[in-house]
Amino acid sequence: MNRMGGSDYVHLLLVEDNAGDVRLVREALRLGGHHADISVARDGVEALSFLRRQEPHSKATRPDLVLLDLNLPRKNGREVLSEIKTDAELCDIPVVVLTTSSSTEDILSSYRCHANTYIIKPVTLDQYIEMLRGIQEYWTRIARLPSGWGGA
Amino acid sequence: MSELGGDRSPAHRKPPTVISVVTDHLGRIRSSDGLFAHYYGVESRDVAGTLLEEYVCSEDRPYLRSLLTAPMDQRVDGVVRFCLLGQGFVPTRVVIEPGPARSTFAVAIIGRDLPCREHERGDPNGLLLAQAVLNQTRDLILVLDSEGQVLLRSPSVKEFIGRDPVGFGFCKVLPLEPDSDFEIKKTNNPLRASSPAPGNGSTPASGRYRFPARNNRRIQVVVDQVISPDDPRGKKNGSVVRLDEETERLEGESRMGGGREDLSASSREIQQFVYAASHDLQEPLRMVSSYLQLLERRYAGRLDKEGLEFIGFALDGAKRMQELIDALLVYSRVVSRARPSGPVDARMAVAEALEHLEQKLATTHAEITVGSMPIVWADRAQLVQVFEHLIDNALTYYSDAVPRVMIDAERLNGSTRFRVQDNGIGIDPQFHNRVFELFSRLNAREKYPGIGIGLAVVQRIIERHGGLCWVESSEGSGSTFFFTLPDHPMVEDA
């Protein structure tokens with residue numbers, strides 16, 4: 001692995017209000033034999049304060065990748081996405097939208113707001129594991145991240 | 001009788017208009033000149049084959065018939081009231097004599113004071129223009145004069161009422177009863193709000209009615225007051241009346257309306273509800289099935305056989321619910337993702353459907369025969385979907401023999417009828433209507449997979465296109481599915 005420093009694991013910020021989904025991501029990563037540092041924000045406001053290292057997240061480390069749900073309390077994923085992508089400090093962090101919505105409008109508006117990938121949450125556990133494996137594989141081995149993660 | 005229109009000073013005289021028609025001994029029109037179509041408000045090509053008496057006031061019809069059945073070598077004449085486009089009944093002289101061929105009659109309709117032809121009078125009341133506009137719509141629209149007499153109507157009105165109302169009082173040809181079950185819906189058209197409908201006995205008022213002559217069908221009547229076209233000084237009010245059929249069923253409206261979209265407010269709400277519900281249901285369902293699977297993986301060793309079986313049933317239920325939700329989404333998309341229709345080569349649509357079914361065709365070794373396929377007017381992707389579901393069906397419900405599917409089309413008058421025939425297990429006639437219902441299944445899930453969405457989608461698509469679909473079959477002897485697509489004026493006969 002090619003890494004310019006910091007933790008040995010890719011650092012994911014998972015923005016997800018559903019505890020079941022948070023756990024599922026952890027379990028699926030584990031079952032798939034992958035390792036990652038996962039930080040969790042339970043709503044849009046918390047996600048932005050984490051990224052901007054505002055209290056109580058002043059000690060937060062910058063994630064390599066954001067996994068963002070669209071339907072969130074307080075501030076929804078669409079707003080979070082557009083704030084990240086219009087913030088000069090944050091806009092270089094890749095954002096993967098991870099949602100149940102298969103609506104064409106959501107897909108289109110996410111990419112228009114510069115989402116880096118749009119993924120519809122799979123239904124079965126096997127597909128879920130496969131999806132997370134794919135995300136890991138792509139973002140840490142195939143693509144090269146601004147934080148230094150990435151393959152050849 | 002040689003004079004019409006009473007005494008008039010010579011200064012007002014102008015030469016009479018002579019309209020000539022050839023009929024058979026029953027008064028059926030064989031041919032007519034262009035004037036006839038012009039004055040009596042029909043398309044020239046539609047005149048032949050109609051009865052001359054259809055253009056005459058009903059009270060004068062027996063008299064006209066008596067003139068036509070007079071001894072053949074005799075020239076007869078009389079006066080009957082013809083219904084003149086935009087003018088109501090006008091007494092007009094007819095002269096009937098033996099025609100050019102055996103058992104035909106030459107009828108001369110001699111009109112005095114008929115309005116000038118359009119190039120002479122320039123359509124000052126705009127009636128010809130208005131009729132031309134009305135001819136373009138499938139909506140039920142009538143134009144009434146100040147007395148409530150029907151001056152003009154859109155073509156579908158005749159079909160709806162069962163007779164041509166032109167020249168008759170609206171309230172007489174369309175006896176409506178107020179429907180007290182409904183409140184009168186307020187329209188937000190500011191023009192309408194400023195001119196409340198009269199409803200004085202001769203002209204209707206806006207509101208909801210029942211039409212007793214037609215199974216108490218519910219009709220919403222929307223009345224707009226206009227300056228009466230029959231009053232050149234513009235002092236009297238006429239009205240433009242639109243009839244909207246209330247639909248009992250949310251879907252299937254287009255069955256009668258020829259492809260009209262099912263867009264009433266309530267159906268749009270249901271549409272949104274179905275979409276939202278199927279979408280929101282997915283979220284918790286995903287939790288149920290994912291955690292059941294996690295449970296199965298992690299605790300399989302610690303559960304006994306029965307425990308694993310329970311998880312299996314629960315997972316099966318979750319999977320089935322997922323399929324139902326997906327199906328609901330597919331069903332709702334027939335309307336929400338519909339695209340405008342255009343000319344589609346049905347042969348290409350079948351070819352594309354077969355491509356989608358490639359794998360199934362290979363595993364079943366099915367034999368597909370495609371007959372002649374015309375170009376039709378349809379939403380291309382949806383026509384492909386229809387063929388795909390019908391062929392898929394044939395490949396699913398097959399008996400012991402190799403599945404054989406025959407697809408062809410036949411041009412009918414005004415529509416195309418498609419046929420998808422198989423040699424499969426067939427359908428007991430008592431279930432023929434049920435096969436098109438959403439989620440209805442006739443066979444055990446273990447034996448034939450599927451959740452009962454395909455034919456429901458087919459029916460919804462065909463109804464959206466203004467066509468019909470049905471099945472002819474008996475148990476054990478294959479099924480033949482039919483569907484029709486109405487012609488569009490822009491599709492020429494091939």
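None of the values given here were measured: they were computed from a predicted structure. (Residues numbered from 1 in each chain as written. Chains lettered and ligands numbered in written order. Predicted model: local features only at pLDDT ≥ 70, side-chain atom pairs only at ≥ 80, totals over all residues.)

**Comments concerning the overall build of chain A**
Here is the rule: Numbering of helices and strands runs from the N terminus, with a helix taken as a DSSP run of H or I at least four residues long and a strand as a DSSP run of E at least two residues long. The contact criterion used here is simple: two residues whose C-beta atoms, placed from the backbone, lie within 7 Å are in contact.
The helix and strand inventory of chain A stands at five helices and five strands. Starting at the N terminus, the α and β elements of chain A follow one another as β-α-β-α-β-α-β-α-β-α. Of the contacts made within chain A by residues no fewer than 6 positions apart, 64% connect residues no fewer than 24 positions apart.

**Section: the overall build of chain B**
Condition: To sort residues by exposure, count the other C-beta atoms lying within 10 Å of each residue's C-beta; 20 or more gives buried, 12 or fewer gives exposed, and values between give partly exposed, all with C-beta atoms placed from the backbone.
Within chain B one finds 15 helices and 18 strands. For chain B, the residues scored as buried account for 29% of the 494 residues in total.

**A closer look at the environment of Gly78(B)**
All names here are of chain B. With respect to the helices and strands, the residue Gly78 is situated in strand E3 (residues 76–84). Gly78 gets classed as partly exposed once you count the C-beta atoms within 10 Å, which come to 16. Once residues within four sequence positions are removed from consideration, Gly78 is found in contact with Tyr63, Leu67 and Val94.

**A word on the nonpolar core**
Residue and element names in this part refer to chain B. Quick note on the threshold: Only buried Ala, Val, Leu, Ile, Met, Phe, Trp, Tyr and Cys residues enter a nonpolar core, and they are joined through C-beta atoms within 7 Å. Domain segmentation is taken from an automatic or database assignment of domains.
Judged by nonpolar contacts, the single largest core of 44 residues is most densely connected at Phe82, Val107, Leu142, Leu144, Val150, Phe170 and Val241. With five residues, the single largest contributor to this core is strand E6 (residues 140–144). Formed jointly, this core draws a minimum of three residues from each of two domains, domain 1 (10–117) and domain 2 (127–246). Val107 has contacts with Val21, Thr23, Leu52, Val94 and Ile96, leaving out every residue within four places of it along the chain. In this structure, Ala349, Ile427, Phe436 and Leu485 belong to the second largest nonpolar core, which totals 38 residues.

**Here's the deal with the environment of Val133(B)**
Considering the arrangement of structural elements, one finds Val133(B) in helix H5 (residues 127–134). Between the alpha carbons of Val133(B) and Ser154(B) there is a distance of 8.5 Å; along the sequence they are 21 residues apart.

**Things to note about the interface of chain A and chain B**
Keep this limit in mind: Amino acid classes used here: Ala, Val, Leu, Ile, Met, Phe, Trp, Tyr, Cys and Pro are nonpolar; Asp, Glu, Lys and Arg are charged; the rest, including Gly, are polar.
Listed as interface residues are ten residues of chain A and, on the opposing side, eleven residues of chain B. Sorting the residues of the side of chain A that touches chain B by element identifies helix H1 (19–31) and helix H5 (125–142) of chain A as the ones contributing at least two each. Per-element tally for the side of chain A that touches chain B: the top contributor is H1(A), with three residues. Here the residues of the side of chain A that touches chain B are counted per class, giving four nonpolar, four polar and two charged.

**Some thoughts on the pairing of strand E1 (residues 10–15) of chain A**
Working note: regular strand, side chains alternate between the two faces of the sheet. All names here are of chain A. Keep this limit in mind: Paired strands, in this sense, are two strands between which DSSP finds at least two bridges.
Buried residues dominate E1, accounting for five of its six residues. Sheet analysis places E1 next to strand E3 (residues 65–68), joined by four bridges and oriented parallel. Bridging from a neighbouring strand, Val15 pairs with Leu68 of E3.

**As for the sheet that holds strand E16 (residues 415–422) of chain B**
Residue and element names in this part refer to chain B. What counts, and what does not: Axis lines are fitted to C-alpha atoms, over the contacting stretch for helices. Their N-to-C directions set the angle, which ranges from 0 to 180 degrees.
Ordered by their spatial adjacency, five strands build an open sheet running E13-E15-E16-E18-E17, and the pairing between neighbours is mixed. Strand pairing shows two members of the sheet lacking a second neighbour, strand E13 (367–370) and strand E17 (469–473), which therefore form its edges. Geometrically, the sheet is characterised by an average inter-axis angle of 15° between neighbouring strands, direction not taken into account. Inspection of the sheet shows E16 paired to strand E18 (residues 479–486) by seven bridges, in the antiparallel sense. Paired with Phe418 across the strands is Phe483, a residue of E18. Set on the sheet, helix H14 (residues 380–396) makes contact with strand E15 (404–412), E16 and E18; between it and E16 the angle comes to about 25°.

**Describing the sheet that holds strand E5 (residues 117–120) of chain A**
Strand pairing in a sheet relies on backbone hydrogen bonds, with the paired strands running either antiparallel or parallel. All names here are of chain A. Spatial ordering of the open sheet is given by E2-E1-E3-E4-E5, a layout of five strands whose pairing is parallel. Unpaired on one side and paired on the other, strand E2 (36–41) and E5 mark the two borders of the sheet. Across this sheet, the average inter-strand angle for adjacent strands is 20°, counted without regard to direction. As judged from the six bridges shared by E1 and E2, these two strands associate in the parallel manner. The partner of Val15 across the bridge, within E2, is Ala41.

**With respect to the packing of helix H2 (residues 44–51) of chain A against helix H3 (residues 77–85) of chain A**
Residues and elements named next belong to chain A. Heads up, the condition is: Our angle categories are set so that under 35 degrees counts as roughly parallel, over 145 as roughly antiparallel, 65 to 115 as roughly perpendicular, and the remainder as oblique. For a crossing to be left-handed, the near helix must be turned anticlockwise from the far one by less than a right angle; the clockwise case is right-handed.
Look at H2 against H3: their axes get within 9 Å of each other, and the N-to-C directions meet at 20°. When the axes of H2 and H3 are compared, the pair comes out roughly parallel. Once H2 is placed against H3, the crossing between them reads as right-handed. Together, Gly44, Ala47, Leu48 and Leu51 of H2 and Gly77, Glu79, Val80, Glu83 and Ile84 of H3 make up the contact between the two elements. Across the contact of H2 with H3, the residue classes tally to five nonpolar, two polar and two charged.

**As for the pairing of strand E2 (residues 29–32) of chain B**
Residue and element names in this part refer to chain B. In the sheet, strand E1 (residues 17–24) pairs with E2 via three bridges, with the strands oriented antiparallel. The residue of E2 that forms the bridge with Val21 is Ser32. Between E1 and the antiparallel strand that follows it, E2, lie four residues; Gly27 among them carries a positive phi value of about 90°.

**Let's talk about the environment of Gly307(B)**
Of note, Gly307(B) is situated in helix H11 (residues 305–336). Separated by eleven residues in sequence, Gly307(B) and Glu296(B) place their C-alpha atoms 9.4 Å apart.

**So, the packing of H14(B) against helix H15 (residues 454–464) of chain B**
All names here are of chain B. In the contact formed by H14 and H15, the axes pass within 9 Å of each other and the chain directions differ by 145°. Relative to H15, the crossing made by H14 is left-handed. Here Gln382, Gln385, Val386, His389, Leu390, Asp392 and Asn393 of H14 come into contact with H15, specifically with Gly454, Leu455, Val457, Val458, Ile461 and Ile462. Within the contact of H14 with H15, the residues separate by chemical class into seven nonpolar, five polar and one charged.

**Concerning the confidence of the model for chain A**
When pLDDT is low, close inspection of the predicted coordinates is not appropriate. Spelled out, the test is: The predictor rates its confidence in each residue with pLDDT, a number between 0 and 100.
Across chain A, the average pLDDT comes to 85, with 92% of residues at 70 or higher. Per-residue pLDDT stays below 50 along residues 1–6 of chain A; that stretch engages in five contacts with residues further than four places along the chain or on separate chains.

**Structural notes on H14(B)**
All names here are of chain B. This is how it is decided: Expected helix span is given by 1.5 Å per residue-to-residue step, counting one fewer step than there are residues.
With 17 residues, H14 should cover 24 Å at 1.5 Å per step; its first-to-last C-alpha distance of 24 Å lies within 8% of that length. Buried residues dominate H14, accounting for twelve of its 17 residues. Buried within H14 we find Gln382, Leu383, Val384, Gln385, Val386, Phe387, Glu388, His389, Leu390, Ile391, Asn393 and Ala394.

**Overview of unusual backbone geometry**
Cis peptide bonds are those with omega within 30 degrees of zero, and the linkage from Glu55(A) to Pro56(A) qualifies with 0°. Here Pro56(A) lies in the loop between H2 and E3. The backbone phi angle of Arg53(A) is positive, close to 55°, even though this residue is not glycine. Looking at the secondary structure, you find Arg53(A) in the loop between H2 and E3. Unusually for a residue other than glycine, His365(B) sits at a positive phi of about 55°.

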